[in-house]
Amino acid sequence: MTTLFDRIWDAHVVAPLPGGAALVAIDRVLLHERTGAAALNALAEAGRTVADPARVFAMMDHIVDTLPGRTDQTLMPGGQAFITETRAAAQAAGITLFDVGDPDQGIMHVVSPELGIVLPGLTLIAPDSHTCTQGALGALAWGIGSSEAEHAMATGTLRLTRPKTMRVTFTGTLAPGVTAKDMMLALIAAHGAGGGAGHVVEFAGQAVTALDMEARMTLCNMATEFSAFAGLIAPDDVTFDWLKGRRYAPKGAHWDAARAGWRDLRSDADAVFDSEIEIDAASIAPMVSWGTSPQASVAVTGSVPEDATSAMLDYMALTAGAPLVGTPIDAAFIGSCTNARLSDLRRAAALLKGCKVAPGIRAICVPGSSAVRRAAEAEGLDQVFLDAGFEWRMSGCSMCFFAGGESFAEGSRVISSTNRNFESRQGLRVKTHIASPETVAASAIAGAIADARELAGG
Amino acid sequence: MAEPFTTLTSIAAPLLRDNIDTDAMIPSREMKSTGKTGLAGGLFAGWRYLDAAARTPDPDFVLNQPQFSAATLLLCGRNFGCGSSREHAVWALAEYGIRCIIAQSFAPIFQSNCVRNGIVPVVLPPEVIAQLAGQAVEVDLAAQTVSADGGVWSFEIEGEAKAMLLEGLDAIDLTFKHREAIAAFQTADRAKRPWVYLEQNHA
Ligand code: SF4
């Protein structure tokens, strides 16, 4: 009867609270330089300390520059203060910091799994909505506000109302050229950007268990675009093999004991969810967004819907009924905690090899972490990107979002492997089309939105 | 710590779009300070100003209209506060003076950020919200009611959130009342899952 979520939740309840809420133990807190200084300083100003600094980690990813040779200087006006103040606050609090220039620096949701900071069955929070990415390892991981980060650091707990549960089952197998990104865009397009609101969403089914670890992270990354409280995937041998030996993962006898316990982290066959959705994976095509919400997405071979709202059409400068393929773009971006892991870069590079980005297109690749960057360079992927006409950057959030510094040209049209296509997300009035790294690579070559399967010859 | 919230009377300013995200409430480029203040000027900057740099107001934007200039209550659509978890959105709203938001639904992180910063999130059906637009509205948190010309509507709010808002309490102090339970939990949990408890400078 018990769901995976119930098992994790029940193991973390410290005390019941009035009104059906509970005090829930928090195993890991992650911070980034955008809000890290605010949270740590507010704590210190209130005369409080971080209860267990060994379980709190800070990363430089949101504001740090991604141009080679970077320092604390960053293109965001006033950005340097966020970096230096977070560094000072992290040092004062005694927490672990992955600083600018650290070999382990990178986007928090890429670095944490990479180092085994997140583990199955853990509760992990960060003041960042894409914390749900880390649910791919079978952890309950979710985004919070800065005040809640302060609370968790001070007390080792959060006050929470138990979320509802939902299972999204992807049955069958994906067609060639269709990825985890397309699965999520298809889900959100079909069930709405608010479809998962208030629910912890467990992703299950044959098409999910068939995904490798990195694709599972892409899937869970966009749980927040579905308004879910968190995304979850039951850990299995794929998870355990991937985690084994990572720096903060348990070792020796602890590993064996941990893994034995993790095998129970699954939903019973007769588990009852508050809500269930089933999707035939074979029916999913490569997707691309046309509007300013991830739910405004269609198959890349499709057209802008006839009933599209005029506000979205005006902003995106598109007409109802127009095909997406062939829409000219100004720029292409491969990066972010959604799709900038090694496997993402490999798949994009496979398409780019021997090709050139269309004339006039600005194309940028930003690896998800410094470790991903090194691994890609060891395989020569950097050269493939550079030869094709892409910029090859240092790791960070970069132009996944616009913070007032570097951005795409005002009003330009960008095809992007990121997760959000909101107004001005990537620069003033920038029109973002979100898609898989394959679709971004193929579109960069074509100079217009393109179907990567044609380029791949499939 | 926020001011206690008992009742509020304000003209209700309608911003009746669905899926208003936190980027729209406080664009990244407006988050210039590392603290929690200095954000009110950037609230809804993309919509509120014709020229954000020069701060030239757009007369069409609801909060720029004279009748709504003193509004402390916003009316919104579905999934208000979706997107980035930035608490700056709520800090900006609070600093601007907003004390209550009535929406068809809220994004969960945003909703709990409201409570932590003294803003009361109220969920009411769309037809009621439409009726409240431009009216003088009274919100009574203790009674969990919204009243205006034409009716009184009750709303749901979690007990915990209500208590915090009513008393302007700090959640950390509330939680420290459970100090012993937390210590007991950690002792038992450490025996069961020792690998969760990392050593400092583990690396
Ligand atoms: S890469 Fe983008 S979505 Fe991910 S954490 Fe950074 S800014 Fe947020």
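Residues numbered from 1 in each chain as written. Chains lettered and ligands numbered in written order. Predicted model: local features only at pLDDT ≥ 70, side-chain atom pairs only at ≥ 80, totals over all residues. Heavy atoms only, no water.

Visitor: Any chance you could explain the interface of chain A and chain B here in plain terms?
Guide: Many descriptions give the size of an interface as the accessible area lost when the pieces come together. Taken together, the 67 residues of chain A in the interface contact 48 residues of chain B. The shortest N-O distance in the salt bridge between A:Asp27 and B:Arg193 comes to 3.0 Å. Counting across the chain A and chain B interface gives 15 residue pairs in polar contact (both at pLDDT 80 or more). Of all elements in the fold, only helix 1 (4-12), strand 1 (13-16), strand 2 (21-25), helix 2 (36-45), helix 3 (79-93), helix 5 (146-155), strand 8 (157-161) and helix 10 (252-262) of chain A reach the threshold of two or more residues within the side of chain A that touches chain B. When residues in the side of chain A that touches chain B are grouped by element, the largest group, seven residues, is from helix 5 of chain A. (Contact = heavy atoms within 4.5 Å. Salt bridge = Lys/Arg side-chain N within 4 Å of Asp/Glu carboxyl O. Polar contact = N/O pair within 3.5 Å; in protein donor to acceptor, adjacent residues only side chain to side chain. Helix = DSSP H or I, 4+ residues; strand = E, 2+ residues; numbered from the N terminus.)

Visitor: Explanation requested: the nonpolar core in the structure shown.
Guide: Across soluble globular proteins, nonpolar side chains have a tendency to be buried as a group. Counting residues in hydrophobic clusters, the biggest one holds 166 residues, and the most contacted among them are A:Trp142, A:Phe170, A:Phe203, A:Trp290, A:Phe385 and A:Phe390. Broken down by element, the residue count for this core peaks at seven residues, all from helix 6 (residues 180-191) of chain A. Residues contacting A:Trp142, with those up to four places away along its chain left out, are A:Ile26, A:Thr123, A:Leu124, A:Ile125, A:Ala126, A:Thr131, A:Cys132, A:Leu158, A:Leu160, A:Phe229 and A:Ala230. In terms of nonpolar packing, the next biggest core, distinct from the first, is built from 33 residues, B:Ala13, B:Ala24, B:Leu93 and B:Phe106 among them. (Core = buried A, V, L, I, M, F, W, Y, C linked by side-chain atoms within 4.5 Å. Buried < 20%, exposed > 50% of the residue type's maximum accessible area, 1.4 Å probe, protein only.)

Visitor: Before we go on, may I ask you to explain the domain arrangement of chain A in this structure?
Guide: All names here are of chain A. Taken as a whole, chain A is organised into domain 1 (17-161 + 237-262), domain 2 (164-233 + 266-282) and domain 3 (285-457). Computed over C-alpha atoms, the centres of domain 1 and domain 3 are 28 Å apart. With 23 residues of domain 1 at the contact, the number on the domain 3 side is 24 residues. Summing both partners gives a buried area of about 2000 Å² for domain 1 against domain 3, and 58% of it is carried by carbon and sulfur. When the buried area of domain 1 at its contact with domain 3 is split by residue, Thr66, Ile107 and His130 rank highest and sum to 31% of it. On the surface where domain 1 and domain 3 come into contact, there are zero salt bridges. Scanning the region where domain 1 abuts domain 3 turns up 13 residue pairs in polar contact (both at pLDDT 80 or more). Looking at the side of domain 1 that touches domain 3, its residues break down into 10 nonpolar, eight polar and five charged. (Domains from an automatic or database assignment. Buried area = accessible area lost by both parts, 1.4 Å probe. Nonpolar A, V, L, I, M, F, W, Y, C, P; charged D, E, K, R; others polar.)

Visitor: Explain the environment of A:Gly69 here, please?
Guide: Inspection of the secondary structure puts A:Gly69 in the loop between strand 4 (56-59) and helix 3. Put simply, A:Gly69 and A:Arg393 are 324 residues apart on the chain and 10.0 Å apart in space, counted from C-alpha to C-alpha.

Visitor: Hey, could you run me through the pairing of strand 8 (residues 145-148) of chain B in this one?
Guide: Two faces, one strand: in a regular strand the side chains alternate between the faces of the sheet. Residues and elements named next belong to chain B. Burial of strand 8 is two-sided: the residues Thr145 and Ser147 facing one way and the residues Val146 and Ala148 facing the other way are all buried. In this structure, strand 7 (residues 136-140) lies alongside strand 8, joined through three bridges in antiparallel fashion. Considered in strand 8, the bridge of Glu138 is made with Ser147. Counting the residues in the hairpin turn of strand 7 and strand 8 gives four residues, including Gln144, whose phi is positive at 55°. As paired elements, strand 8 and strand 9 (residues 151-154) share four bridges and run antiparallel to each other. Counted as the bridge partner of Thr145 is Ser154 from strand 9. (Pairing = 2+ DSSP bridges.)

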